[in-house]
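Take a look at the letters that make up each chain.
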Amino acid sequence: MWARAVKLGLRSWVGWRRGFTSKADPQRSGRVTAEVIEHLERLALVDFGSQEAVARLEKAIAFADRLRAVDTDGVEPMESVLEDRCLYLRSDNVVEGNCAEELLQNAHRVVEEYFVAPPGNISLPKQDEQEPFSHI
Amino acid sequence: MLKGYVPPYNATVVQKLLDKGAVLMGKTNLDEFAMGSGSTDGVFGPVKNPWSYSKQYREKRKQKAHGENEDSNWLITGGSSGGSAAAVAAFTCFAALGSDTGGSTRNPAAHCGVVGFKPSYGLVSRHGLIPLVNSMDVPGILTRCVDDAAIVLGMLAGHDPKDSTTIQDPVKPFTLPTFADVNKLCIGIPKEYLAPELSSEVRSFWSKAANLFESEGAKVIEVSLPHTSYSIVCYHVLCTSEVASNMARFDGLEYGHRCDINVSTEAMYAATRREGFNDVVRGRILSGNFFLLKENYENYFIKAQKVRRLIANDFVNVFNSGVDVLLTPTTLSEAVPYLEFIKEDNRTRSAQDDIFTQAVNMAGLPAVSVPVALSNQGLPIGLQFIGRAFCDQQLLKIAKWFEKQVQFPVIQLQELMDDCSSDFEIEKLSSVSLKQ
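What counts and how
Residue indices begin from 1 for each chain and proceed along its sequence in written order. Each chain is given a letter, starting from A, and each ligand a number, starting from 1, according to the order in which they appear as written. Since the coordinates come from a predicted model, pLDDT governs what is reported: local features require at least 70, and pairs of side-chain atoms require 80 or more to be given and counted, while whole-chain, interface and lining totals use all residues. Hydrogens and waters are ignored; side-chain quantities use all the structure's heavy atoms. UniProt positions are given in the numbering used here, feature names are shortened, and annotations may be inferred rather than shown by experiment. A contact between two residues is defined here by any heavy atoms of the two lying within 4.5 Å. Segments assigned H or I by DSSP are reported as helices when at least four residues long, segments assigned E as strands when at least two residues long, and all are numbered from the N terminus. Between buried and exposed lies partly exposed: a residue is buried under 20% and exposed over 50% of the maximum accessible area for its type, with that area taken using a 1.4 Å probe on protein chains only. Under this definition, polar contacts are N or O atom pairs within 3.5 Å; protein pairs additionally need one hydrogen-donor-capable and one acceptor-capable atom, and for neighbouring residues in sequence, both atoms have to be side-chain atoms. Interaxial angle, 0 to 180 degrees, is taken between N-to-C directions of lines fitted to C-alpha atoms, where a helix line uses only the stretch in contact. Here the word oblique covers every angle except those under 35 degrees (roughly parallel), over 145 (roughly antiparallel) and from 65 to 115 (roughly perpendicular). For this classification, Asp, Glu, Lys and Arg are treated as charged, while Ala, Val, Leu, Ile, Met, Phe, Trp, Tyr, Cys and Pro are nonpolar and the rest, including Gly, are polar. The term salt bridge refers to a side-chain nitrogen of Lys or Arg lying within 4 Å of a carboxyl oxygen of Asp or Glu. By the convention used here, strands pair only if DSSP detects at least 2 bridges between them.

J.: Tell me about the UniProt feature "active site" (unreviewed entry) in chain B, residues and numbers included.
T.: Residue and element names in this part refer to chain B. Per the UniProt entry, the sites bearing "active site" (unreviewed entry) are Ser80 and Ser104 in this numbering. Over a stretch of 25 residues, the named residues converge on one spot in the fold, their C-alpha atoms separated by at most 4.7 Å. Beyond its immediate sequence surroundings of up to four residues, Ser80 is in contact with Leu30, Asp31, Ala34, Met35, Gly36, Ser39 and Ser104. Here Ser104 lies in the loop between strand S1 (95–100) and helix H4 (106–112). By relative accessible area, Ser104 is classed as buried at 7%. Not counting residues up to four positions away in its chain, the partners in contact with Ser104 are Ala34, Gly79, Ser80, Ser81 and Ser99. Within the local environment of Ser104, its side chain forms a polar contact with the side chain of Ser80, the two groups lying 3.1 Å apart.

So, in structure tokens, the structure goes:
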């Protein structure tokens, strides 16, 4: 019943989402649910944009699943090939800098010596509140 | 995403070259953010392989003349540093820099008939190299001969205080001596690299190369790298995860492209990144974020790190058993036409084409692709040598000896032949290069 309610909710979305959620794609493993998609888009701040992108993610996950066949009992994860060496640390002295003007030149919106950003305490609207994007 | 960006500083490798008097000819094209194995997904369009226009290739195609438009079936350069390889192959410059995270320097080097060298991880500074996978990236060197690569390496190698992952051991510039002790060498041929998709021509050149070493007295043995078949999967997980993190810095606020939305920071970031990144990059970011989700972290990311250790250990075991250098193919076949390459998507192609090159990045070892001969279609084929960690000089010595034995032909481009009065002049241009 909950699933049906969610499905009805999904159907009311505008744009491309309606296209893919109502079709049952036989290849989909079901791992990439609508919630996962929304969660990923929120975390990455990058959108899928189309059904093909979701299908590609599914394929990528299936590909990565092949790792399960490897026996890694007792193996430590490797972060870097140089793990046996000490990282070099510089001494904490300022030796260069003072190029604020050069750095500010690359930014689009600048006021005096500040980078200008839109207000930060507004979270991205949830999917059913969003306007449909136009595709590039 | 970096449209209009003018870097306020030079990368260490660039600065080092400029300090030694190099003349910067320009910047070359590549796959967007070095993601791809064909140099077809860049913002400036795909890169064409200069060999598509060579006399050697054109003559072979005339034999199968079909009356098709000569320019429509041009070949890819391989990737992702295809522009750099094409620039060197077309005699535009003496040397070019690329990046190598999964084979991005060696792959186009093999397709364009130039030397593509990947230094040991930690030998050359990554300061200024836009990071893709911090634990595997290195700047790559593309040149027309191994001597040139050694000269460039001599200038670039060494500790950089701005990159704490560079090793602190002192490095001296060197000239490559002529290698005389081939009969003391032990060459390893990894049996798992005999992939079913390997073209018969590449396989036969690989075989001939092994026989060449054997005939000179070297010991050539078959070795095993058991986890080879998992390396591409492991790379896929680690790469996308690190990419998800590294691409987070591109938000439009301090540099690069910025969209017009001003409702909120998050909305601005999301729209900027949608506009600024192409499908390939976005796909990798999203995959990476998936593998890094709390519920997936252990099963995917940590698992891939463990598999990475197994792969690196495979190499350590082989080198500990007395092998000096490994000899493998670089690519599955010669360069393919663009129209054929784009039939599959970027991820599939990368998974297919990186198969011989990316395990080396996992282990941080030095490797070099040396052009061997022309295929039946008149296109270059390269073979790869993999050396022990930080034994880059020895690796290049062996590669130089091999290069001298195979005498890879110079590309015959019409413009070049018009400028130079004789074949001898062209030869001189290619091999003398940096030496006066």
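Still more to cover.
J.: Quick one: what's the story with helix H5 (residues 146–156) of chain B, residue by residue and with numbers?
T.: Residues and elements named next belong to chain B. Most of H5 is tucked away: nine of the 11 residues are buried. Along H5, the residues that are buried comprise Val146, Asp147, Asp148, Ala149, Ala150, Val152, Leu153, Gly154 and Leu156. Where H5 is buried, its residues touch helix H1 (12–19), S1, strand S2 (115–118), strand S3 (138–143) and helix H14 (392–406).

J.: Can you lay out the packing of helix H3 (residues 34–44) of chain A against helix H9 (residues 279–291) of chain B for me, pointing to particular residues and giving the numbers?
T.: Axes are the key here: two packed helices are described by the angle between their axes and the distance separating the axes. Contact pair H3(A) / H9(B): the axes reach a minimum separation of 10 Å and the direction vectors enclose 110 degrees. Viewed along their axes, H3(A) and H9(B) adopt a mutual orientation that is roughly perpendicular. Contacts from A:Val36, A:Leu40, A:Glu41, A:Leu43 and A:Ala44 in H3(A) reach B:Ile285, B:Leu286, B:Asn289 and B:Phe290 in H9(B). Grouping the amino acids of the contact of H3(A) with H9(B) by side-chain chemistry returns seven nonpolar, one polar and one charged.

J.: Please set out the interface of chain B and chain A residue by residue, giving values where relevant.
T.: Each partner contributes to the interface: chain B provides 73 residues, whereas chain A provides 60 residues. Our enumeration of links across chain B and chain A arrives at seven salt bridges. Remark: the boundary between chain B and chain A carries 22 residue pairs in polar contact (both at pLDDT 80 or more). Looking at the side of chain B that touches chain A, the elements with two or more residues in it are helix H7 (228–246), helix H8 (265–276), H9, helix H10 (294–320), helix H12 (346–353) and helix H13 (358–363) of chain B. With 12 residues, the single largest contributor to the side of chain B that touches chain A is H10(B).

J.: Lay out the side chain of B:Ser125 in plain terms, naming residues and giving numbers.
T.: Mapped onto the elements, B:Ser125 comes out in the loop between S2 and S3. In terms of polar contacts, B:Ser125 uses its side chain to reach the side chain of B:Asp160, at 2.6 Å.

J.: Break down the sheet that holds strand S4 (residues 186–190) of chain B for me, with residues and values.
T.: Residue and element names in this part refer to chain B. In spatial order, the strands read S1-S3-S2-S7-S8-S6-S4-S5; together these eight strands make up an open sheet with mixed pairing. In this open sheet, the two strands that pair with only one neighbour each are S1 and strand S5 (219–223). This sheet shows a mean twist of 30 degrees between the axes of neighbouring strands, independent of strand direction. Examined bridge by bridge, strand S7 (residues 367–374) and strand S8 (residues 380–386) share seven bridges and lie antiparallel to one another. Its bridge partner lying in S8, Val370 is registered against Leu383. Sitting on the sheet, helix H3 (residues 82–89) is in contact with S1 and S3, with an inclination near 155 degrees to S1.

J.: Please provide a residue-by-residue account of the environment of B:Val202, values included.
T.: Residues and elements named next belong to chain B. On the secondary structure map, Val202 appears in helix H6 (residues 200–215). Taking the C-alpha atoms as reference points, Val202 and Thr330, separated by 128 residues in sequence, lie 9.0 Å from one another. For Val202, the contacting residues outside a window of four places in its chain are Pro329, Thr331, Leu332, Ser333 and Ile381.

J.: Mind laying out the pattern of salt bridges, listing which residues take part and the relevant values?
T.: For side chains bearing opposite charge, pairing can occur when the charged atoms are close. This structure, assessed with the given rule, holds 14 salt bridges over all chains. Its salt-bridge partner being B:Arg274, residue A:Asp47 comes within 3.5 Å of it at the nearest N-O pair. Separated into two different chains, A:Asp47 in the loop between H3 and helix H4 (51–64) and B:Arg274 in helix H8 make up a pair that spans both. You can call A:Asp47 buried: its relative accessible area is 7%. Accessibility expressed as a relative area gives 13% for B:Arg274, which makes it buried. Of the charged contacts in the structure, one is a salt bridge between A:Glu83 and B:Arg309, with a shortest N-O distance of 2.9 Å. Of the two residues, A:Glu83 sits in the loop between H4 and helix H5 (100–104) while B:Arg309 sits in helix H10, which places them in two different chains. Judged by its relative accessible area of 16%, B:Arg309 is buried.

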